[in-house]
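One letter stands for each residue in the lines below.
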Amino acid sequence: MTSALLLVAANAPSTALRYAAAFFLVVVGIGAIYALVRLGGAMGKADKLLADVDTEVVPLLKQATETLDGVNTELDKIDVVMTSVVDATGKVDQTTRAVESAISVPAKKAAAFGAGVSHAVSTFFNRGADGSAQADAQAEQAAPASGAWSAPAASSASGAWPAGGAEAATAPASTGAPAPEPTGSAAESVADQAAGDAPTTGQERDS
Amino acid sequence: MKFMGTLVFGSALVGAGLAYYVRERSRTTGQSYLEVLRQLPSEARSGYAEARSRAQLALNEGLRVARAREQQVQRDLVAAAPRDDAAVS
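## With respect to the overall build of chain A
Within chain A one finds six helices and zero strands. The order of helices and strands in chain A, counted from the N terminus, is α-α-α-α-α-α. Considering only contacts in chain A between residues 6 or more positions apart, those separated by 24 or more positions represent 52%.

In structure tokens, the structure reads:
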């Protein structure tokens, strides 16, 4: 009896381990069965999902393809329209340039002609400070050296057109004729005339 | 008849102008009418020469100003034109 107890005592760990291992294996088996059952359910759901996708997405893809084809067709039309717009823009640009050149050249010529005529008239009727010397020199060259005429010098001194009082003051002496002495009201009128015909300076004319 | 009328009218007009000029000239210079009439050709020559010189000077000045104005307008047009890089941007 004692030996039996000792034997049992000696073999007790091994037996416990065996029971424990058996229990563990049973538990693992139950867990595996449970996992497989759940996995089977998940796989069934996935199968159903794939079937739904197959039945619903494929028509959607077909519709998307048709839509993209339509979009491509519209894009082709838009491309044609844009090409036409670019051509029209180019033609408008060419037309604008032609009109600009057709208008700007006459306008430029007209502006130049107007400015030239205006300045020429102003120069003709108003002798400038620098222009007077040149005009007088040309007048002296063009004037005949005969007779009693010395009016250009007098007119150049006065700078007025036509030479009035200043020329009148010098003309009798230049002609060599006896110059009558302006007395009284005649002298005053001569002085007034000379003062009235005094040449205007360039600044006064410009202002 | 029409020509004669025009001639008479023109002569009267020229005579009146000449008389006015002689009278004003005599009044301003104190010379007699005869002196003024004697100096009339030389006055006319001097006036013609001066007018010609003035016309020459005015023509030169007008041409110079016209060229300057044309260049200025050209510069203004070039400055007012849109640039190509601005159009691209």
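## Structural notes on the overall build of chain B
On a plain count of helices and strands, chain B comes out with three helices and zero strands. For chain B, the sequential pattern of α-helices and β-strands runs α-α-α.

## Overview of the packing of helix α1 (residues 2–29) of chain B against helix α2 (residues 33–80) of chain B
Residue and element names in this part refer to chain B. Between α1 and α2, whose axes approach to 9 Å, the crossing angle comes to 115 degrees. What the angle tells us is that α1 and α2 run roughly perpendicular. Every pair of crossing elements has a handedness; the one defined by α1 and α2 is right-handed. Residues Val22, Arg25 and Ser26 of α1 pack against Tyr33, Val36 and Leu37 of α2. When grouped by side-chain class, the residues that make up the contact of α1 with α2 number four nonpolar, one polar and one charged.

## Comments concerning the confidence of the model for chain B
All names here are of chain B. On average, residues of chain B score 88 in pLDDT, and 93% of them reach the 70 mark or higher. Mean pLDDT values over the elements of chain B span from 57, in helix α3 (residues 84–88), up to 93, in α1. Scoring of the predicted complex yields 0.42 for pTM and 0.70 for ipTM.

## Concerning α1(B)
All names here are of chain B. Compared with the 40 Å implied by 1.5 Å per residue over 28 residues, the 40 Å span of α1 between its first and last C-alpha is a close match. Here α1 has its buried residues at Arg25, Thr28 and Thr29. With its phi angle positive at about 80 degrees, Gly30 sits one or two positions after the end of α1.

Cut-offs applied
- Residues numbered from 1 in each chain as written.
- Chains lettered and ligands numbered in written order.
- Predicted model: local features only at pLDDT ≥ 70, side-chain atom pairs only at ≥ 80, totals over all residues.
- Helix = DSSP H or I, 4+ residues; strand = E, 2+ residues; numbered from the N terminus.
- Contact = placed C-beta atoms within 7 Å.
- Axes fitted to C-alpha atoms, helices over the stretch in contact; angles between N-to-C directions.
- Parallel < 35°, antiparallel > 145°, perpendicular 65-115°, else oblique.
- Left-handed = near helix turned anticlockwise from the far one by under 90°.
- Nonpolar A, V, L, I, M, F, W, Y, C, P; charged D, E, K, R; others polar.
- pLDDT = per-residue confidence, 0-100.
- Expected span 1.5 Å × (residues − 1).
- Buried ≥ 20, exposed ≤ 12 C-beta atoms within 10 Å, placed from the backbone.

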